[in-house]
Amino acid sequence: MKNVIIRRETKKDYRETENMVREAFWDVYKPGCDEHLILHKLRKVSAFVEELAFVACDTSENNKIVGNVVYSEAKIINSQNQKRTVLCLGPLSVLPAYQGKGIGALLVNRSLQKAKLLEYKAVFLFGDPEYYHRFGFGNAKKYDIKTSQGENPDAFMGLELYDNVLSGIQGQFIEDPAFQVESGE
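Residues numbered from 1 in each chain as written. Predicted model: local features only at pLDDT ≥ 70, side-chain atom pairs only at ≥ 80, totals over all residues. Heavy atoms only, no water.

Participant: In this structure, what is going on with the overall build of the protein chain? I would like to understand it.
Facilitator: A count of helices and strands for the protein chain gives four helices and nine strands. The order of helices and strands in the protein chain, counted from the N terminus, is β-α-α-β-β-β-α-β-α-β-β-β-β. For 185 residues, the compact-globule estimate of 2.2 N^0.38 gives 16 Å, and the protein chain sits close to it at 16 Å. Expressed as lengths along the three principal axes of its C-alpha atoms, the size of the protein chain is roughly 50 × 40 × 30 Å. For the protein chain, the residues scored as buried account for 48% of the 185 residues in total. The long-range share in the protein chain, meaning contacts at least 24 apart out of those at least 6 apart in sequence, stands at 66%. By element, 46% of the accessible surface of the protein chain is carried by carbon and sulfur atoms, the whole surface being about 9,900 Å². (Helix = DSSP H or I, 4+ residues; strand = E, 2+ residues; numbered from the N terminus. Rg over C-alpha atoms; globule rule 2.2 N^0.38 Å. Buried < 20%, exposed > 50% of the residue type's maximum accessible area, 1.4 Å probe, protein only. Contact = heavy atoms within 4.5 Å. Areas by Shrake-Rupley, 256 points an atom, 1.4 Å probe, with all protein chains shown as cover.)

Participant: I'm lost on the pairing of strand β9 (residues 171-174) in this one. Help?
Facilitator: Working note: regular strand, side chains alternate between the two faces of the sheet. The pairing of strand β3 (residues 64-77) with β9 spans three bridges and is classified as antiparallel. Bridge pairing in β9 links Ile76 to Phe173. Two strands pair when backbone bridges link them, and strand β7 (residues 145-146) and β9 are joined in this way by two bridges, in the parallel orientation. The residue of β9 that forms the bridge with Ile145 is Gly171. (Pairing = 2+ DSSP bridges.)

Participant: Any chance you could explain the pattern of salt bridges here in plain terms?
Facilitator: Oppositely charged side chains can pair when the atoms bearing their charge come close. This structure, assessed with the given rule, holds three salt bridges. Of the charged contacts, one joins Arg7 and Asp13 as a salt bridge, the two residues approaching to 2.7 Å between their closest N and O atoms. Exposure remark for Asp13: the relative accessible area of 7% places this residue in the buried category. The residue Arg43 makes a salt bridge to Glu9 at a minimum N-O spacing of 2.5 Å. Residue Arg43 is located in the loop between α2 (35-42) and β2 (54-58), and its partner Glu9 is located in the loop between β1 (4-8) and α1 (14-25); the two are separated by 34 residues in the primary sequence. Neither residue differs from the other here; Arg43 and Glu9 are each classed as buried. Overlapping salt bridges bring together Glu9, Glu18 and Arg43 as one network. (Salt bridge = Lys/Arg side-chain N within 4 Å of Asp/Glu carboxyl O.)

Participant: Honestly, the nonpolar core in this entry has me stumped. Any pointers?
Facilitator: If you look at soluble globular proteins, the nonpolar side chains tend to sit buried side by side. Core analysis: the biggest nonpolar cluster contains 60 residues, and Leu89, Leu112, Phe124, Phe137 and Ile145 have the highest contact counts within it. Take this core: its biggest share by element is seven residues, from β3. (Core = buried A, V, L, I, M, F, W, Y, C linked by side-chain atoms within 4.5 Å.)

Participant: When you look at unusual backbone geometry in this model, what are you seeing that I'm missing?
Facilitator: Phi is mostly negative for residues that are not glycine, and the peptide bonds are mostly trans. Look at the link from Gly90 to Pro91: it is a cis peptide, with omega at 0 degrees. Mapping Pro91 onto the fold places it in strand β4 (residues 83-94). With phi around 60 degrees, Asn63 is a residue other than glycine that occupies positive phi space. Within the secondary structure layout, Asn63 lies in the loop between β2 and β3. Positioned with a positive phi, Asn164 is a non-glycine residue whose angle comes to about 60 degrees. The residue Asn164 is located in the loop between β8 (156-160) and β9 in this model. Take Asn164: its relative accessible area is 57%, and that puts it in the exposed class.

Participant: Help me understand the packing of α1 against α2, please; the structure alone is not making it clear to me.
Facilitator: Helix packing geometry: the angle between the two helix axes and the distance between the axes. Direction vectors running N to C along α1 and α2 enclose 150 degrees, while the axes themselves pass 8 Å from each other. Classed by the angle they form, the pair α1 and α2 counts as roughly antiparallel. Contact with α1, carried on its side by Thr17, Glu18, Val21, Arg22 and Phe25, involves Glu35, His36, Leu39 and His40 of α2 and no other residues of that element. Across the contact of α1 with α2, the residue classes break down as three nonpolar, three polar and three charged. (Axes fitted to C-alpha atoms, helices over the stretch in contact; angles between N-to-C directions. Parallel < 35°, antiparallel > 145°, perpendicular 65-115°, else oblique. Nonpolar A, V, L, I, M, F, W, Y, C, P; charged D, E, K, R; others polar.)

Participant: Help me understand helix α3 (residues 103-117) in this model?
Facilitator: Helical periodicity: at 3.6 residues per turn, an α-helix aligns residues three or four positions apart in one direction. Helix length check: α3 (15 residues) gives 21 Å between terminal C-alpha atoms against 21 Å at 1.5 Å per residue, within 8%. Those residues of α3 that fall on the buried side of the exposure criterion are Ile103, Gly104, Ala105, Leu107, Val108, Ser111, Leu112 and Ala115. Of the residues flanking the end of α3, it is Glu119, one or two places downstream, whose phi is positive at about 70 degrees. (Expected span 1.5 Å × (residues − 1).)

Participant: What am I meant to see in the environment of Ala56 here?
Facilitator: Tracing the chain through its elements places Ala56 in strand β2. Judged by its relative accessible area of 0%, Ala56 is buried. In sequence terms Ala56 and Asn78 are 22 residues apart; their C-alpha atoms lie 37 Å from each other. Apart from residues no more than four positions distant in its own chain, Ala56 is found in contact with Val4, Ile5, Ile6, Lys64, Ile65, Val66, Gly67, Ile103 and Leu107.

Written as structure tokens, this is what we have:
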């Protein structure tokens with residue numbers, strides 16, 4: 001999209017971004033949504049990777065924020081309690097009126113490039129396989145990595161940023177507790 005720029009998110013963007021995330025996810029997976037609350041909580045924890053928080057702005061609409069992506073650090077813990085730090089992508093959000101125009105792809109591609117420059121080895125997420133496969137994400141069972149509940153749903157995916165960095169790694173993916181939202185929050 002020619003009028004969209006991608007830039008790092010700043011603290012001044014937080015309220016607008018949270019409102020945009022709420023609008024993007026409202027009633028998509030359930031009545032209401034939690035993603036804006038997760039984003040708010042993530043920014044307050046040490047696992048939040050500020051260098052990987054990006055926004056998409058529409059320059060024809062006074063730089064209105066129309067999309068964003070954030071990452072947090074997570075762990076893979078094996079049966080010997082050994083830990084490996086990886087990234088957790090999400091939430092990734094684009095306003096409904098701007099969806100299907102490549103903005104999400106711009107955000108994902110820019111942020112994955114930056115993650116590699118920051119020398120992160122792998123990224124995991126929970127999302128739509130049809131969407132994320134185009135970026136190289138595949139089901140995490142390919143790497144013998146399960147969720148913290150020991151499951152491996154289709155929506156749980158991983159991506160190696162460097163060849164074979166997950167080879168021989170197995171265990172459970174543990175994301176930050178900020179992803180847990182209690183009813184009434």
